[in-house]
Structures are given as C-alpha cells and as structure tokens.
Amino acid sequence: DARVTQTPRHKVTEMGQEVTMRCQPILGHNTVFWYRQTMMQGLELLAYFRNRAPLDDSGMPKDRFSAEMPDATLATLKIQPSEPRDSAVYFCASGFLVAGDSYEQYFGPGTRLTVT
Amino acid sequence: SQQGEEDPQALSIQEGENATMNCSYKTSINNLQWYRQNSGRGLVHLILIRSNEREKHSGRLRVTLDTSKKSSSLLITASRAADTASYFCATDAQLKGEKLTFGTGTRLTIIP
C-alpha cells in the first residue's frame with residue numbers, strides 16, 4: 001500500500017532555529033506539493049514540483065522558506081529562521097495524472113510544527 | 001486565497017441520515033475534487049468530477065457539478081459514525097491542472 005511519508009511527525013522548536021521537514025512521495029508520482037494548514041488560513045499551497053523541477057513557490061515566504069527536491073524520493077521544506085507564526089501542520093502530497101489534465105493528490109500524515 | 005467555499009461550515013446529523021455539503025468556486029475549472037480529512041490526519045481523495053460531467057457516484061457518495069453556477073455538492077447517504085471528518089472541495093485552474101486550490105471545508109459530525 002503506497003503512501004506518502006513525512007518526518008518528523010511533530011517538531012517543537014524555539015524561535016530563530018532552523019527547521020527541516022522531509023517527505024518521501026509515492027514512487028512514480030511526478031508532482032510533489034507542500035501545503036500549510038492552520039485554523040485561521042485553512043490549507044495553503046506553499047510550493048510544488050513537477051519531475052523534481054520547482055514550478056510554483058509563490059505561496060511561500062521566500063526570505064525564510066525554501067523547498068527542494070534533491071532526488072525523486074525526497075522533498076524537503078526548510079524554514080530558517082523559524083518564527084512563532086510558522087506554527088502549523090505542514091503537509092506533503094504527491095500527485096499523478098489521472099486522465100487528460102486531471103491530477104489526483106495523495107497526502108502524507110503531516111508535520112505538526114510548534115515554534116515557541 | 002481560497003478558490004472554493006464550502007457551505008455549511010459545520011454540520012451535525014444523526015447516524016443513518018444523509019449529509020449534503022456544498023462548494024462554490026470562482027474561476028473556470030478542468031475538474032473538481034472532494035477530499036476528506038479525519039482529525040489529525042492528511043487529506044484523502046474521495047472523488048473527482050470533470051467539468052463536462054454533471055453527476056458522479058462512488059459507493060455512498062454522490063457528487064454534482066453545475067459549471068454555470070460554479071457550484072458542486074457532495075451527498076453522503078446513510079451516514080455512519082466513521083464519516084465524521086472535515087470535507088474539502090478542490091478545484092484546478094484550467095491551464096495548470098496539477099495545482100489544486102482547496103476550499104475552507106465543512107466539518108461533519110455524525111451522532112451515533
């Protein structure tokens with residue numbers, strides 16, 4: 001049963017520290033997405049890749065966030081320096097083309113980040 | 001920004017009853033999808049309806065799409081306690097099919 005995996009599942013850190021979240025997409029999926037979910041803002045798309053190439057990171061604060069996909073089995077989201085307002089659940093999802101131009105996404109369990 | 005807006009924001013019904021959730025969106029789409037999120041978990045894909053379809057069924061799920069009104073509904077029949085979750089609609093922009101924009105979600109509670 002193929003799944004998207006994310007590590008760590010929970011992270012508590014102090015303001016100013018670097019945070020790195022990792023995601024292993026489902027093998028064969030050619031798109032990878034990073035989302036952030038909060039009560040106030042809901043689910044926000046931060047960045048996404050197709051065939052490991054970054055396509056859109058317009059939802060990401062560029063001064064402190066960076067997303068990379070060093071190989072097909074690993075995507076990373078880094079925050080440096082972290083701030084309390086970054087506290088949220090961060091989801092990775094991988095997607096594949098269902099038919100024509102329609103993609104279906106599979107979500108990981110999320111990383112719950114708390115910045116104090 | 002949110003493309004889709006679900007209505008109602010929260011819904012509580014008795015087990016066995018039907019639950020209907022609505023979604024409105026703003027721009028033209030290729031398809032609309034519905035996802036479920038259990039508390040503390042990631043989203044799970046439920047069903048996809050293409051812009052040229054009006055209705056689709058999957059088990060106890062029935063989805064309708066009205067592109068002229070830019071709206072969709074998700075009906076869950078014969079609800080079960082396990083259906084308790086948040087439900088989100090997601091739309092794609094016509095030129096970027098892989099990028100989904102999620103709505104605000106409907107929190108569904110099934111009372112045993």
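Everything numeric here is computed off the predicted structure, so don't read it as measured data.

Draft legend 1. Fine view of the packing of aromatic side chains. Residues and elements named next belong to chain A. A complete count under the given rule lists nine aromatic pairs over all chains for this structure. With a centroid separation of 5.2 Å and 20° between ring planes, the pair formed by Phe33 and Tyr48 is classed as stacked. In this pair, Phe33 is assigned in strand β4 (residues 31–38) and Tyr48 in strand β5 (residues 42–50), connecting sequence segments 15 residues apart. For Tyr48, a relative accessible area of 1% gives the class buried. Between Phe96 and Tyr106 the ring centres are 5.9 Å apart and the planes differ by 35°, which places this aromatic pair in the tilted class.

Draft legend 2. How the structure looks around the pairing of strand β11 (residues 106–111) of chain B. All names here are of chain B. Side chains Thr106, Leu108 and Ile110 project from β11 onto a buried face, and the interleaved Arg107, Thr109 and Ile111 project onto a face without burial. In this sheet, β11 lies alongside strand β9 (residues 85–93) in antiparallel orientation, the contact comprising three bridges. Bridge pairing links Ala85 to Leu108 in β11.

Draft legend 3. Just the pattern of salt bridges, in detail. All names here are of chain B. Summed over all chains, the structure comprises eight salt bridges over all chains. Where Glu55 meets Arg62, a salt bridge forms, and the shortest distance between an N and an O atom there is 3.1 Å. Glu55 gets classed as partly exposed once you look at its relative accessible area, which sits at 40%. For Arg62, a relative accessible area of 30% corresponds to the partly exposed category. The salt bridge partner of Arg60 is Asp83, with a shortest N-O separation of 2.9 Å.

Draft legend 4. A look at the interface of chain B and chain A. With 21 residues of chain B at the contact, the number on the chain A side is 24 residues. Together, Leu43, Glu98 and Lys99 of chain B form the three largest contributors to the area buried by chain B at its contact with chain A, with a combined 33%. Across the contact surface, chain B and chain A share one salt bridge. Between Lys99 of chain B and Asp56 of chain A there is a salt bridge, with the nearest N and O atoms lying 2.6 Å from each other. Between the two partners, chain B and chain A, sit five residue pairs in polar contact (both at pLDDT 80 or more). Among the elements that line the side of chain B that touches chain A, the one with the most residues is strand β10 (residues 96–102) of chain B, at six residues. Taken together, the residues of the side of chain B that touches chain A break down into six nonpolar, nine polar and six charged.

Draft legend 5. Examining the sheet that holds strand β7 (residues 65–71) of chain A more closely. Residues and elements named next belong to chain A. Overall, antiparallel pairing links the four strands, which are arranged β1-β3-β8-β7 in an open sheet. Edge positions in the sheet fall to β1 (5–7) and β7, since each has one partner strand and no second. Between one strand axis and the next, the sheet turns by 20° as a mean value, whatever way the strands run. Strand direction decides the pairing type here: β1 and strand β3 (residues 19–24), joined by three bridges, are antiparallel. Across the sheet, the residue bridging to Gln6 is Cys23, located in β3.

Draft legend 6. Region of interest: the nonpolar core. One finds Trp34, Leu77 and Tyr90 of chain A to be the most contacted residues of the largest nonpolar core, which totals 22 residues. The set of elements that each furnish at least two residues to this core consists of β3, β4, β5, β7, β8 (74–79), β9 (88–99) and β11 (111–115) of chain A. With sequence-adjacent residues up to four places away left out, Leu77 of chain A is seen in contact with Val19, Thr20, Met21, Trp34, Leu46, Met60, Phe65, Ser66, Ala67 and Tyr90 of chain A. Counting 21 residues, the second-largest nonpolar core is a separate cluster that includes Trp34, Leu61, Leu65 and Cys89 of chain B.

Rules used in this analysis
- Residues numbered from 1 in each chain as written.
- Chains lettered and ligands numbered in written order.
- Predicted model: local features only at pLDDT ≥ 70, side-chain atom pairs only at ≥ 80, totals over all residues.
- Heavy atoms only, no water.
- Phe/Tyr/Trp six-rings, centres within 6.5 Å; stacked < 30°, edge-to-face > 60°.
- Helix = DSSP H or I, 4+ residues; strand = E, 2+ residues; numbered from the N terminus.
- Buried < 20%, exposed > 50% of the residue type's maximum accessible area, 1.4 Å probe, protein only.
- Pairing = 2+ DSSP bridges.
- Salt bridge = Lys/Arg side-chain N within 4 Å of Asp/Glu carboxyl O.
- Contact = heavy atoms within 4.5 Å.
- Buried area = accessible area lost by both parts, 1.4 Å probe.
- Polar contact = N/O pair within 3.5 Å; in protein donor to acceptor, adjacent residues only side chain to side chain.
- Nonpolar A, V, L, I, M, F, W, Y, C, P; charged D, E, K, R; others polar.
- Axes fitted to C-alpha atoms, helices over the stretch in contact; angles between N-to-C directions.
- Core = buried A, V, L, I, M, F, W, Y, C linked by side-chain atoms within 4.5 Å.

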